[in-house]
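So the chains spell out like this:
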Amino acid sequence: MEFLRPTTWAEALAAKADQPEAVPIQGGTDVMVEINFDVHRPPALLDLNQVGELATWSREGDTYRVGAGLPYVTIIEELGGVLPGLAQASRTVGSPQIRNRGTVGGNLGAASPAGDSHPPLLAAGAVVEVESRARGVRMIPAHEFYLGVKRSALEPDELIRAVRVEAARGPQYFSKVGTRNAMVIAVCSFSVALHPGERRVGTGIGSAAPTPRRALEAEEFLAGELDWDARLDSAVLKRFGELCSRAASPIDDVRGTADYRRHAIAVMARRTLTWAWNDYRKVRAA
Amino acid sequence: MTLPLRAPHDIAAPGIGGVGESTLRPDGTLKVKGEFAYASDLWAEGMLWGATLRSPHPRARIVSIDTAPALAHPGVRAVLTHEDVPGRKHYGLDLTWDQPVLAIGEVRHQGEAIALVAADHPETARRALDKIAIEWEILEPLTDARRAAFDPSYPQVQDRPNPARHQPVRVGDVEAVRAGAEVVVTGTYEVGIQDQAFLGPESGLAVPAEDGGIELYVATQWMHNDLKQIGPCLGLPEERIRMTLSGVGGAFGGREDLSMQIHAAMLALHTGAPVKMMYNRHESFFGHVHRHPAQMRYEYGASRDGKILYADVEIVLDGGAYTSATLNVVGNAASLGVGPYEIPNVKIDAYGVYTNNPPCGAMRGFGAVQACFAYESMMDKLGDACGIDPVTIRRTNAASQGSALATGQIIHAPLPMKDMLAQARDLPMPAPLDSSDIRNLPGGASQTTHGEGVRRGVGYGVGLKNICFSEGYDDYSTARVRLEVIGGVATALVHTAAAEVGQGLVTIEAQIARTELGIENVVIHPADNQVGSAGSSSASRQSYMTGGSVQAACWAVRDRLFTLVDGLYDDLSLAGGKIISASRGVIASIEDVLGDRVIEETREYHHHPTTGMDPVTGQGDTHTQVALCVHRAVVDVDVELGLVKVVELAAVQDVGKILNRLSLEGQIHGGTAQGLGLAVMEEIVVSDGKVRNPSFTDYLIPTILDMPPMRLEILENADPRAPYGLRGAGEPPTLSSTPAIVAAIRDATGLALHRVPVRPEHITG
Ligand SMILES: Cc1cc2nc3c(=O)[nH]c(=O)nc-3n(C[C@H](O)[C@H](O)[C@H](O)COP(=O)(O)OP(=O)(O)OC[C@H]3O[C@@H](n4cnc5c(N)ncnc54)[C@H](O)[C@@H]3O)c2cc1C
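Within any chain, residue numbers begin from 1 and follow the written order of that chain's sequence. Key to labels: chains lettered from A, ligands numbered from 1, both in the order written. Under the rules for a predicted model, residues below a pLDDT of 70 receive no local features and side-chain atom pairs below 80 are neither given nor counted, while totals for whole chains, interfaces and linings still include all residues. Calculated side-chain values reflect all of the structure's heavy atoms, with hydrogen atoms and water omitted.

Counting from the N terminus, the helices are the DSSP runs of H or I reaching at least four residues and the strands are the DSSP runs of E reaching at least two. Looking only at helices and strands, chain B has 18 helices and 34 strands in total. Counting only C-alpha atoms and orienting by the principal axes, one finds that chain B spans roughly 80 × 75 × 60 Å. Exposure classes here rest on a 1.4 Å probe applied to the protein chains alone. A residue is buried below 20% of its type maximum, exposed above 50%, and partly exposed in between. The burial tally for chain B puts 63% of its 765 residues in the buried class. Counting contacts in chain B only where the partners sit at least 6 residues apart, residues at least 24 apart contribute 81% of the total. To measure how exposed things are, a 1.4 Å probe is used in the Shrake-Rupley method; for residues, cover is taken only from the protein chains shown. As displayed, chain B offers around 25,900 Å² of accessible surface, 51% of which is attributable to carbon and sulfur atoms. Two residues qualify as a contact provided that any one of their heavy atoms is within 4.5 Å of a heavy atom in the partner residue.

And the structure:
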């Protein structure tokens, strides 16, 4: 197995262009597990850890650019205030060791329906910045990024450079059901983000369909029904939960049943929206 | 032959503490620093790597097998099948001889070993496995344990008929009193398959010896029992097999059956080179037996005031394809089927069956764990039906010293169960839920609730476990103790074959030697078969049995030392490195009396003899000792999402004598955690005989955020028959924590919950 170690982004893109079958490795918390289990025997590994810029974040106006190689621990410590949904999701990933190594870039690269960063990226309307030597930069909205179980819109010669997320203008919440109180892959998860400026609520469902997805009907319902100057109507809340649950298409597997997942999505949707709404009203009242 | 590097060697036991003191473990610092040599760290010059081809099917015929392509693979040194087994083709724990060393024409469970490869690199060996071509005839797996137990037309799984064992227990006359019961409660209970989930996967090294024999470095629970199976299968006399215990990374019963021992030895003898085998985590799930899943039906009749009149019990335990420990698991389930309660009329039928489900055998508390979940659930149900609280209903029916177990055996030692229950009830309750930190809530940092839907519940569990082997087995232990002056200081060398599996036995051996010989310096010899059997590190028995043999050997050494003292004394003792006369004070230092002499004595320790169970009535004095633990569990349940946070586990356990409080508390914490795992998360999920979650991604064991702080009350009511009056302590808490937690979840949710582990969808409906 070849081990490629580019030190600049341009070199990394060149290596990927010359050898599209090379598997990028950042934190390695997915890649090494798969190699260990002999799931893949890639002809080459493309180590991105020497490309320093990937492990940084920056701000452009109201948009935060989170480098593909920024570990979860940094997101939690440095971006919790501006990207609360993503930071909460990051806090639920694995254990401290995994959060020290694992990255959002790797989570996107793996594109597992159970990846925890996906729901908050969907709810916040994030954009994935990918690049190839041949075609340059492409900006892929998160909801167009996930194509199938562990399949994404990333082309073989492309690498993920960053994910762009707007600073939260309203409350955001992430919630994840697992059958253990820590270090657990999601049975299902849910994220909500209020966008008061647009009078819109963003959603993201995890681990309850072949891909992470938004609950579009539920978002449209709230856009029409939500009275942004009033308390949350319990009928609206209930309907929101039902629509989120309906947006899922879960399966029965060893982690949980489809019925349970549908039920849990509804509960999490109601709870997270309530928390967000209470925060929003509190801020407005203050 | 070169000796393996990183092989076990003598360890000096640190500290000066004797019996009763919390001395530190000799292996503790090494383990914490990552320097302890586990069996997976074994290494020898020029060694080959062995690998095992396992069946993907739970039941199939092997039409043909072609090993030639694997043998032709560069770097491969041997490919072996059942035809290459030099001696007996079958082995079996408890000498049941029904498990093929390598499959013969047929496989009976997923993961059954079929062929072996030795190669110069582990990856080469694994790749060569892929090249062994097998033509299969796949058969429908037999997976219905109840049909296996009761339907004579159900096809046979192996040569031996079903059930493997049916053990009835009959006391009084259930039929005669049934109609007279004022209150009748019934329950159907299920226990899923739990795994030992030890962290050090199966591993070992076989080194061929010049005399045609073999040196085996293995992580096991009982070397001498391994030897009884390895010898015949290799066609070697026992004296040509030298076994040394290597670093054991946990066992919990899962290392009682053989795993790679015969396989590695076959490859080493065949190639003439040392062979190491090491399973990965995935293979480990197929490389050892699990806890028997159980299906249980209970009916209790009682008077309105909660006094139980009769118990009618049926327990079906699925052992998978081979016997392993099933016979004894059935014996425990039958004899302890109604637990520590006085019930005048009892009808118990316990069955162990063969199926094509994963093989099951020994795991911490076997047989007793399954029954305990059912009988404790029944106690709560009965209490509910009579309007009596959980503690009172248990106290109303509690056994005590002098009571008879269901087998008729009289409990010979103190059993203050009533007091223990009251003590557990009266312990201070944990603080009310503080939901300002989400880590305190069900779901923890996953933020499934900010307090919504969370309800608190409290539950109790009592478990009674037999300690040491039962039913007439003489599981003696042997110890050799040598006393000599080394560097001017009297030093004892303690040599046993007892397996240190993480429980802290070596610490206790040293403490006993210090106390009995009045010295400080103790060295523990590696456990090997150059000394007699110590029996198994199971059944909570090593402190009792090997503790007893070390004590006996020390006494023999001491008595010889006294013969070297000038003058006639009949009141000598040893303390502080001195020989002391009760009447005349210090006589001399041990070093001065011993000089350059070496005193070595070997002693066996046998426990009080037991009898078998009557095949029709189940009656008999079958158990050496019984030990009790009472748990009180407090849980917070998110009733809308079905998520559980165990808030506190309090335990009251009677251990007879605390040899080392630090180690003991570790055992109670660990046993409790394993019971918690069974209550809310641990299960090997099987469909059509196939395991669906053979990894730690999906076989979940409790983390530090799942296991709550514990409150412990440890009692010391001596058992007059046992060394120091001690009671085995490792297993009882594993029994009682599961039903206590489930009872607490029932209390919080109002649900009946008849199956463990309780999953979120069982709570949300
Ligand atoms: C014990 C354990 C617990 C875990 N728990 C969780 C959990 O709770 N939640 C969760 O979501 N995940 C979990 N994971 C999975 C994993 O940690 C995450 O998916 C993590 O985000 C992966 O990041 P990484 O940097 O380690 O990725 P890597 O393993 O380095 O890469 C993952 C994938 O992304 C590709 N990739 C990496 N960087 C790029 C790039 N810049 N451009 C293109 N492709 C790229 C790789 O080729 C690979 O396919 C766990 C893993 C382990 C081992």
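Before going further, it helps to spend a moment on the domain arrangement of chain B. Residues and elements named next belong to chain B. Per the domain assignment, the segments making up chain B are domain 1 (40–139 + 201–248 + 255–287), domain 2 (294–470 + 612–764) and domain 3 (476–606). For every domain, the bounds stem from an assignment made automatically or drawn from a database. Its C-alpha centre places domain 1 at a distance of 36 Å from the equivalent point of domain 2. Taken together, the 20 residues of domain 1 in the interface contact 23 residues of domain 2. Both faces combined, the contact of domain 1 with domain 2 buries some 1,800 Å², and carbon together with sulfur accounts for 61% of it. Note on definitions: salt bridges are taken to be side-chain nitrogens of Lys or Arg within 4 Å of carboxyl oxygens of Asp or Glu. Applying the counting rule to domain 1 against domain 2 returns zero salt bridges. In protein, a polar contact requires one atom able to donate a hydrogen and another able to accept it; more generally it is a pair of N or O atoms within 3.5 Å, and residues adjacent in sequence count only if both atoms are side-chain atoms. Between domain 1 and domain 2 we count seven residue pairs in polar contact (both at pLDDT 80 or more) in total. Counting residues per element, the ones that place at least two in the side of domain 1 that touches domain 2 are β6 (99–100) and α8 (281–287). For the side of domain 1 that touches domain 2, the element with the most residues is α8, which contributes four residues. Residues are sorted three ways: Asp, Glu, Lys and Arg are charged, Ala, Val, Leu, Ile, Met, Phe, Trp, Tyr, Cys and Pro are nonpolar, and all the rest, Gly among them, are polar. Considering only residue class, the side of domain 1 that touches domain 2 consists of seven nonpolar, five polar and eight charged. For any pair of parts, buried area is found by adding up, for both, the accessible area (1.4 Å probe) each one loses once the two are put together.

Before going further, it helps to spend a moment on the interface of chain B and chain A. Taken residue by residue, the interface counts 39 residues in chain B and 32 residues in chain A. Approximately 2,900 Å² of surface area, both sides summed, lies buried where chain B meets chain A, with 51% of it carried by carbon and sulfur atoms. Among the residues chain B hides against chain A, the three largest losses belong to Ser446(B), Gln447(B) and Leu641(B). Together they make up 18% of the total. On the surface where chain B and chain A come into contact, there are five salt bridges. Between Arg271(A) and Glu640(B) there is a salt bridge; the shortest N-O distance is 2.9 Å. Linking chain B to chain A there are 20 residue pairs in polar contact (both at pLDDT 80 or more). Among the elements of the structure, α3 (122–130), β30 (643–654) and α18 (760–764) of chain B are those that each provide at least two residues to the side of chain B that touches chain A. A class-by-class count of the residues in the side of chain B that touches chain A yields 14 nonpolar, 13 polar and twelve charged.

Attention shifts here to the site of the ligand. Residue and element names in this part refer to chain A. What makes a residue near a molecule or strand is one non-hydrogen atom of that residue sitting within 4 Å of it. For the ligand, the set of nearby residues contains 32 residues, the closest of which are Pro-24, Gln-26, Thr-29, Asp-30 and Tyr-72. Between the ligand and the protein, one listed contact pairs an oxygen atom with a backbone N or O atom of Gln-26 at 2.6 Å. Taking Val-31, its main chain carries an N or O atom lying 2.8 Å from an oxygen atom of the ligand. For the ligand, whose unbound accessible area comes to 980 Å², protein coverage reaches 87%. Among the secondary structure elements, those contributing two or more residues to the shell around the ligand are β2 (23–25), α2 (31–36), α5 (96–101), α6 (104–110) and β10 (159–166). Counting residues per element, the shell around the ligand draws most heavily on α6, which supplies four residues.

A pair of packed helices can be characterised by two numbers: the angle between their axes and the separation between those axes. All names here are of chain B. Two numbers describe how helix α16 (residues 661–680) lies on helix α17 (residues 732–749): the axes approach to 7 Å, and their chain directions differ by 45°. By the angle between their axes, α16 is oblique relative to α17. Like other packed secondary-structure pairs, α16 and α17 cross with a definite hand, here right-handed. Touching Gln-667, Ile-668, Gly-671, Thr-672, Gln-674, Gly-675, Leu-676, Leu-678, Ala-679 and Val-680 of α16 are Pro-733, Thr-734, Ser-737, Thr-738, Ile-741, Val-742 and Ile-745, all from α17. Tallied by class, the residues present in the contact of α16 with α17 amount to nine nonpolar, eight polar and no charged. Where helices are involved, their axes are fitted lines through C-alpha atoms of the stretch in contact, as for all axes, and angles between N-to-C directions lie from 0 to 180°. Every angle not falling under 35 degrees, over 145, or within 65 to 115 is termed oblique; those three ranges are roughly parallel, roughly antiparallel and roughly perpendicular. Handedness of a crossing is defined here by the sense of rotation of the near helix relative to the far one, left-handed for an anticlockwise turn of less than a right angle and right-handed for a clockwise turn.

For the rest of this paragraph, the subject is the packing of aromatic side chains. Aromatic rings from Phe, Tyr and Trp, with only the six-membered ring used for Trp, were paired whenever their centres fell within 6.5 Å, and each pair was classed as stacked if the ring planes differed by under 30 degrees, edge-to-face if by over 60, and tilted otherwise. For the structure shown, the criterion picks out 19 aromatic pairs over all chains. Ring centres 5.4 Å apart and planes at 85° place the aromatic pair Trp228(A) and Tyr280(A) in the edge-to-face group. Note that Trp228(A) is positioned in the loop between α9 (216–225) and α10 (234–247) and Tyr280(A) in helix α11 (residues 258–285), a separation of 52 residues in sequence. Comparing Trp228(A) with Tyr280(A) shows no difference in burial state: the two are buried. Centroid distance Tyr189(B) to Phe373(B): 5.8 Å. Interplanar angle 80°. Geometry classified as edge-to-face.

A few words on the UniProt feature "domain: Aldehyde oxidase/xanthine dehydrogenase a/b hammerhead" (unreviewed entry) in chain B. Mapped onto the present numbering, the UniProt feature "domain: Aldehyde oxidase/xanthine dehydrogenase a/b hammerhead" (unreviewed entry) falls on residues 33–140 of chain B. Taken end to end, residues 33–140 of chain B is 14% helix and 35% strand, and its two terminal C-alpha atoms sit 49 Å from one another. UniProt positions are given in the numbering used here, feature names are shortened, and annotations may be inferred rather than shown by experiment.

So, on to the UniProt feature "domain: FAD-binding PCMH-type" (unreviewed entry) in chain A. In the numbering used here, UniProt assigns the "domain: FAD-binding PCMH-type" (unreviewed entry) feature to residues 1–170 of chain A. End C-alpha atoms of residues 1–170 of chain A are separated by 47 Å, and the span's content is 34% helix alongside 26% strand.

With that settled, the discussion passes to the domain arrangement of chain A. Residue and element names in this part refer to chain A. Parsing chain A into structural domains produces domain 1 (2–47 + 57–166) and domain 2 (172–285). Taken over C-alpha atoms, the centre of domain 1 sits 24 Å from the centre of domain 2. Taken together, the two surfaces of domain 1 and domain 2 that pack against each other cover about 1,800 Å², and 62% of this comes from carbon and sulfur. The largest share of the area that domain 1 buries against domain 2 comes from Pro-113, Pro-119 and Ala-123, three residues that together contribute 28% of it. Applying the counting criterion to the domain 1 and domain 2 interface returns one salt bridge. Here domain 1 is connected to domain 2 by nine residue pairs in polar contact (both at pLDDT 80 or more). Among the residues making up the side of domain 1 that touches domain 2, the classes are represented as 14 nonpolar, nine polar and one charged.

As a further point, take the sheet that holds strand β13 (residues 200–206) of chain A. Residues and elements named next belong to chain A. A sheet is described by the order of its strands in space; here three strands give the open sequence β11-β12-β13, paired in antiparallel fashion. The sheet is open, and its two borders are formed by β11 (172–177) and β13, each paired with just one other strand. Each strand of the sheet is rotated relative to its neighbour by a mean of 10°, with strand direction disregarded. Paired strands are those between which DSSP finds at least two bridges. Where β11 and strand β12 (residues 188–195) come together, six bridges link them in antiparallel fashion. Residue pairing for β12: Gln-172 is matched across the bridge by Ala-193. Contacting β11, β12 and β13, α11 runs over the sheet at an angle of about 30° to β12.

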